[in-house]
Amino acid sequence: MVDTLGHYLLDYYRTCGVDVVCGEEAGGWLVARSRPAEPAVETPAPVKRVVAPPPPPAPAPAPVVRPVSRSPQAPIPPSTLTLEEKLARLQPMAQQVAQCRSCVLAKTRTQTVFGVGSPMAPVVFIGEAPGQDEDLQGEPFVGPAGKLLNNILAGSGYRREDIYIANALKCRPPGNREPQPDEIHLCQGFLFRQLEIIAPKAIFTLGRYAILSLLGMSGAMGHIRGKRYTWRGIPVVASYHPSYYLRTPSRKKAAWEDILLLQDVLDGLS
Ligand code: SF4
């Protein structure tokens, strides 16, 4: 019965065009095609780009400030400026001096030393260059030589605040070495401009570099001092630097002589 049924089915399949009989199991092509899932490729975490901060801006070059006046020869007329007007001219110049890098002394100074005192002063005292104390304090004649100058002034009836004090150089030469000609030349315009603004009745120079800067005179102070000179119509009396009297106390008499000459000059003007 089974064989009959089998033959019947075979005949039926042949009639239907079936010529191959396959088993019940799946042929495997699906298996072959369904490959095991490949391990997931881990997506790397986005790399954080480390962006270097922009370089700091290069420091602006220091402004080169030149002294403002060169040795004009015209006489300076008596000033008609008020105190406020003189201060309005001196204060910006002090800022110019503070920025000045015209000579090598700018590299070693602690600060510039512009000047101190009353812009209405009848006399301007001119020293040579700041020393260590002046460089630290920013004021001329504050060390031992300054104390001696105060004594000389007091003995002559002057008060420090009644005069104006400045130096030929606004910056300290390192180690208190002597000022160099190019330094005096480069700084000269600042001193001249101060004098133009203040327009004192008389000028009293202290030391050979002060008279060298003002009048171009060089030589032994023993020959230069004790005489009356003129700078642009303003009488000038030259004297030793107070530090000279500290080294040579026996010569202090010269200080009184020169101050008396200054007083004679002022009396002659009034
Ligand atoms: S000494 Fe005078 S010229 Fe030289 S850097 Fe100082 S202010 Fe400028």
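Residues numbered from 1 in each chain as written. Predicted model: local features only at pLDDT ≥ 70, side-chain atom pairs only at ≥ 80, totals over all residues.

## Some words on the overall build of the protein
Now for step 1: Counting its secondary structure elements, the protein contains 11 helices and six strands.
Now for step 2: Burial statistics for the protein: of 270 residues in total, 32% are counted as buried.
Now for step 3: For the protein, the share of sequence-separated contacts (at least 6 apart) that also reach a separation of at least 24 residues comes to 77%. (Helix = DSSP H or I, 4+ residues; strand = E, 2+ residues; numbered from the N terminus. Buried ≥ 20, exposed ≤ 12 C-beta atoms within 10 Å, placed from the backbone. Contact = placed C-beta atoms within 7 Å.)

## Details of the sheet that holds strand β5 (residues 228-231)
Now for step 1: Here six strands make up an open sheet; going across it, the order is β1-β3-β2-β4-β6-β5 and the pairing mixed. Of all strands in the sheet, those bounded by a partner on one side alone are β1 (116-117) and β5.
Now for step 2: Here two bridges tie β1 to strand β3 (residues 164-167), and the two strands are oriented antiparallel to one another. Within β3, the position partnered with V116 by the bridge is I165.
Now for step 3: The sheet strands contacting helix α8 (residues 208-215) are β2 (123-127), β4 (202-206), β5 and β6 (234-239), and the helix crosses β4 at an angle near 135 degrees. (Pairing = 2+ DSSP bridges. Axes fitted to C-alpha atoms, helices over the stretch in contact; angles between N-to-C directions.)

## A closer look at the pairing of β6
The side chains of a regular strand alternate, residue by residue, between the two faces of the sheet.
Now for step 1: Burial analysis of β6 places six of its six residues in the buried class, the great majority of the element.
Now for step 2: Of the two faces of β6, the one lined by I234, V236 and A238 and the one lined by P235, V237 and S239 are each fully buried.
Now for step 3: Sheet analysis places β5 next to β6, joined by four bridges and oriented antiparallel. Its bridge partner being in β6, T230 is matched across the sheet by P235.
Now for step 4: Connecting β5 to the antiparallel partner β6 that follows it, the hairpin turn spans two residues, and R232 within it adopts a positive phi of roughly 50 degrees.

## As for the site of the ligand
Now for step 1: Taken together, 14 residues lie near the ligand, and C100, C103, K170, C171 and C187 sit nearest.
Now for step 2: Mapped by element, the contributors of at least two residues to the shell around the ligand are α4 (105-108) and α7 (181-198).
Now for step 3: It is α7 that contributes the most residues to the shell around the ligand, three residues altogether.
Now for step 4: Of the residues in the shell around the ligand, the class split is nine nonpolar, two polar and three charged. (Near = placed C-beta within 6 Å. Nonpolar A, V, L, I, M, F, W, Y, C, P; charged D, E, K, R; others polar.)

## A word on the environment of L195
Now for step 1: By secondary structure assignment, the location of L195 is in helix α7.
Now for step 2: Put simply, L195 and R232 are 37 residues apart on the chain and 10.0 Å apart in space, counted from C-alpha to C-alpha.

## Describing the packing of α7 against α8
Now for step 1: Between α7 and α8, the shortest axis-to-axis distance is 10 Å and the interhelical angle comes to 75 degrees. One way to sum up the angle between α7 and α8 is to call them roughly perpendicular. Only Y209, L212 and S213 of α8 make contact with α7, whose side of the interface consists of I184, Q188 and L191.
Now for step 2: Taken together, the residues that form the contact of α7 with α8 break down as four nonpolar, two polar and no charged. (Parallel < 35°, antiparallel > 145°, perpendicular 65-115°, else oblique.)

## A closer look at the packing of helix α3 (residues 83-99) against α7
Now for step 1: Where α3 contacts α7, the axes come no closer than 10 Å and their chain directions differ by 170 degrees. Comparing the axis directions of α3 and α7 gives the class roughly antiparallel. Residues K86, R89, L90, M93 and V97 of α3 form the contact with α7, whose own contacting residues are F190, R193, Q194, I197 and I198.
Now for step 2: Here the contact of α3 with α7 is built from residues that sort into six nonpolar, one polar and three charged.

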